[in-house]
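# Per-entry structural report
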Amino acid sequence: MALPARILIVDDEKPIANLLAQTFEQDGHVVASAGDGIDCMNKMASFRPDVVVMDIMMPKLDGVEATKLIRRNQTYAGTLIIALSARADDKTRQRMQEAGADAFVRKPFSIARLVARVEEMLAVRSGLR
Amino acid sequence: MNRQTSHCEYADRADGPATAAEVVRLGDEVRRLQEEIRTLGRLNRLQERFVAVASHEFKTPLTSITAYAEALLTGAAEDPARRTEFLGVVRDEAARLLRMVNRILDFSRLEYGSRLLDRAPVDLVGLAQETSRSFGAAAAARGQTVQVEAAGWVPSAEADADLVRQALVNLLGNALKFAPDGGIVTVTVRETAGTVAVDVADNGPGIPAADLQRIFSAFYRTDEAAGVDGTGLGLSIVNHIVNLHGGCVTVANGPDRGAVFTVALPQTVETVLTGAAGDRSIVANLLRLLAEFTGAATAVLLQNGPDGRGRPVHWLGFRPSRSAALRESTGCALPRGTRAVEAARDLGLDAHGPRDRNRWLSLELGPDGEHGAVLLGRAAAAAAFEVVERRQVPVLARLAERSLAGADRLPEPTLEALRVLAQAHRQGVPAATPAAVALAADLGERLGMGRADLAALQDAVLLHDAGMARVEEEIVLARGDLSPDEQEEIDRHVELGLDLLAPLLVEPRVAAMIRHHHERWDGQGHPDGLAGQDIPLGARVLAVVDAWFALTRGRSYRPGRDAASALTEIRRCGGTQFDPDVVTGITDLVDGLAETVPGAPPADPATVS
């Protein structure tokens, strides 16, 4: 188990956001949730997450735009962004990568594998520190 | 396979000079192929959009189902309450997926199927209230309110209630989705010229101007809809349903935010004819009347344009949605006789509807069609117009013309007459069919009737029993012997009909034929006890035609007979009930008629003449 981290889950799909939150909490992380890109930007400032799990298709401000905004702010340079999308096409993946996401996970996904991936990335990052 | 065969046919003859018929056929073939290419292109675009939607919208609930199932399997939910909660999520998300699949199925049924409308008068206020109640719990959960209002007295719509309910469900569901928590959705039902309109207004964010045009396209979703459950099909389905009814659906942004969707559906014949509606609704009803008489699924009233082409001024039934506006501006060839199919093609009707030229029929209005024309088309699944039915056309044209010639508004008695006629037609008076019109015309011709008399006779056949619509229904449907009072009431239908139809019967000889068709050759008939040659010839012919159809098709109280036995019965009454010359005429005709006039189909219990 990796070091406890602060994880922000940004997904307008409540069921999946809840399950992710519960799973990360069970693993000892501190979790917050946001329902859209705007909400995400507000939580960034107040919650200061280490990891953002970001859905792409969302109302108000989508995941690509939110990721660009996060990356524009030097304060969040060390924040890991993991993109989630049901869009299977490479174009979406590329857009997300260009926006500055660190990883891309296709929906539907295995919760266990996603959690493992996040923890692996956290471990790599702490090793680099 | 078919296409290949015809291709070889042309190739074989390529070295010889093409005949005019071949050129026409090739032209038809080219048009058919072009049409097929357009259809395939459209299907292809639909498919692309479908894949895009399916990849996102279907995966969203699937993601939750997979993830929760995985959590349950890996023992992440040991606590019974948590297990229940997780299973609840799986069930809800599966239900959501099912809703999406159903919506896709609804859409494909409407898009590719040929659902026939089951039209009946529908109370849209009641239907809107019923629909809003079904959203009660969901709306209450978000503190939302649905208000249904009727703007004064609202007539009923001529519609397929199940389909319209589905359209309202989609519109209301949509409005509630986009209205904020605690928001209000207002449904207003109101009357407009010839239609009943339903406005569904929400107080959500409204629709960006750029999306207003495309919002009814299949699989189209606005950015605002990105975070909201859906397939992008709901509004497309609404559009389809409303188009099938010959109505229209529009969208606008309300004065203070929010979107307003308006669905307009045609009013019922009855309500328009008795209500105080403008001339547009009268035109709509005449078209409907013509369509009902001819069993047409599409009726278009064309006016002569200055360029010698027809301009559609009123449509009933199927109407191509996409390019209609364009075609209306360029018009169509004026349909004359067999060219009805060309007019239909110009209007874009053959791309979806009937292609066979025998499924299109035109009525010219006024001498040489100077008042325009009516184009009538049957659905692809229906039978083509038969020769006998085409003979009914001039009769209908005269009726339509007479009524359309009225100024901006038809007088109340004329409306009432049309209403009665529509009702009589609906009850299926057997001797007012195209076959009866044709038989009467043949018989009249054989007996030396002049052109004007023949025209009057055909009108009389069509109208003579309209008064039956006013006889008590129990009597009309009675089985067995009628009481003297009931018989008297049946007999009275002639005069009743004449009173009711007076506004349509501008020709006195039509009225005379109808008035006297129950007189007897021996003077024992009614209403005036005329005998022999004193009875107008048209009335004597009508009496025999009426008897022929009553005998062969049966009445409510008596099954039909075969042609030979019917003829024997009519001959038995020659010289007493019927004019012997007319009886001779029908005897001579019957040998030839045996082929074309149905002998003894099963009796229809709902009909009587």
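Rules behind the numbers
Residues numbered from 1 in each chain as written. Chains lettered and ligands numbered in written order. Predicted model: local features only at pLDDT ≥ 70, side-chain atom pairs only at ≥ 80, totals over all residues. Helix = DSSP H or I, 4+ residues; strand = E, 2+ residues; numbered from the N terminus. Buried ≥ 20, exposed ≤ 12 C-beta atoms within 10 Å, placed from the backbone. Contact = placed C-beta atoms within 7 Å. Nonpolar A, V, L, I, M, F, W, Y, C, P; charged D, E, K, R; others polar. Pairing = 2+ DSSP bridges. Axes fitted to C-alpha atoms, helices over the stretch in contact; angles between N-to-C directions. pLDDT = per-residue confidence, 0-100. Arc of directions from axis to C-beta. Parallel < 35°, antiparallel > 145°, perpendicular 65-115°, else oblique. Left-handed = near helix turned anticlockwise from the far one by under 90°.

## A few points about the overall build of chain A
In terms of regular secondary structure, chain A is built from five helices and five strands. Walking chain A from its N terminus toward its C terminus, one meets helices and strands in the order β-α-β-α-β-α-β-α-β-α. For chain A, the residues scored as buried account for 43% of the 129 residues in total. For chain A, restricting intrachain contacts to residue pairs at least 6 apart in sequence, the fraction spanning at least 24 positions comes to 62%.

## Considering the interface of chain B and chain A
One widely used convention gives an interface's size as the accessible area the parts lose upon coming together. Contacts between the two partners involve 19 residues from chain B, matched on the other side by 20 residues from chain A. At the level of secondary structure, the elements contributing two or more residues to the side of chain B that touches chain A comprise helix H2 (20-73) and helix H3 (80-112) of chain B. No other element matches the 12 residues that H2 of chain B contributes to the side of chain B that touches chain A. Across the side of chain B that touches chain A, the residue classes tally to seven nonpolar, eight polar and four charged.

## Quick notes on unusual backbone geometry
A cis amide bond links Lys107 of chain A to the next residue, Pro108 of chain A, at an omega of -5°. Of note, the amide linkage connecting His526 of chain B to Pro527 of chain B takes the cis form, showing an omega dihedral of 10°. Turning to its location among the elements, Pro527 of chain B is positioned in the loop between helix H21 (508-515) and helix H22 (537-553). Backbone geometry at Arg48 of chain A places phi at a positive 50°, although glycine is not the residue there. In this fold, Arg48 of chain A is placed in the loop between helix H2 (37-47) and strand S3 (51-55). Since 13 C-beta atoms lie within 10 Å of it, Arg48 of chain A is described here as partly exposed.

## Topic: the sheet that holds strand S1 (residues 6-10) of chain A
Residue and element names in this part refer to chain A. Ordered in space as S2-S1-S3-S4-S5, the five strands form an open sheet in which the pairing is parallel. A single partner strand is all that each edge strand has here, and the edge strands are strand S2 (30-34) and strand S5 (103-106). Neighbour to neighbour, the strand axes of the sheet diverge by 20° on average, direction disregarded. Here five bridges tie S3 to strand S4 (residues 80-85), and the two strands are oriented parallel to one another. Across the sheet, the residue bridging to Val52 is Ile81, located in S4. Packed onto the sheet, helix H3 (residues 63-72) meets S1, S3 and S4 and runs at close to 155° relative to S3.

## Here's the deal with the confidence of the model for chain B
Residues and elements named next belong to chain B. The predicted model of chain B has a mean per-residue pLDDT of 73, with 62% of residues at 70 or higher. Low pLDDT, under 50, characterises residues 406-410; the predicted model gives this stretch six contacts beyond four residues in sequence or across chains. The model gives residues 595-609 a pLDDT under 50, and that stretch makes 41 contacts with residues more than four places away or in other chains. Note on the complex model: pTM 0.40, ipTM 0.73.

## Overview of H3 of chain A
Residues and elements named next belong to chain A. Inspection of H3 places Gly63, Val64, Ala66, Thr67 and Ile70 among the buried residues, and these make up the whole buried set. End-on view of H3: buried residues confined to an arc of 165°, all on one side of the axis. Those residues of H3 hidden inside the fold are in contact with S1, H2, S3, S4 and helix H4 (90-99).

## Notes on the packing of H2 of chain A against H3 of chain A
Residue and element names in this part refer to chain A. Close contact between H2 and H3 brings their axes to 9 Å; oriented N to C, the two are set at 25°. The orientation of H2 relative to H3 falls into the category roughly parallel. Seen from above, H2 lies across H3 with right-handed handedness. For the pair H2 and H3, contact is made by Gly37, Cys40, Met41 and Met44 and by Gly63, Glu65, Ala66, Leu69 and Ile70, respectively. Of the residues that constitute the contact of H2 with H3, the class distribution is six nonpolar, two polar and one charged.

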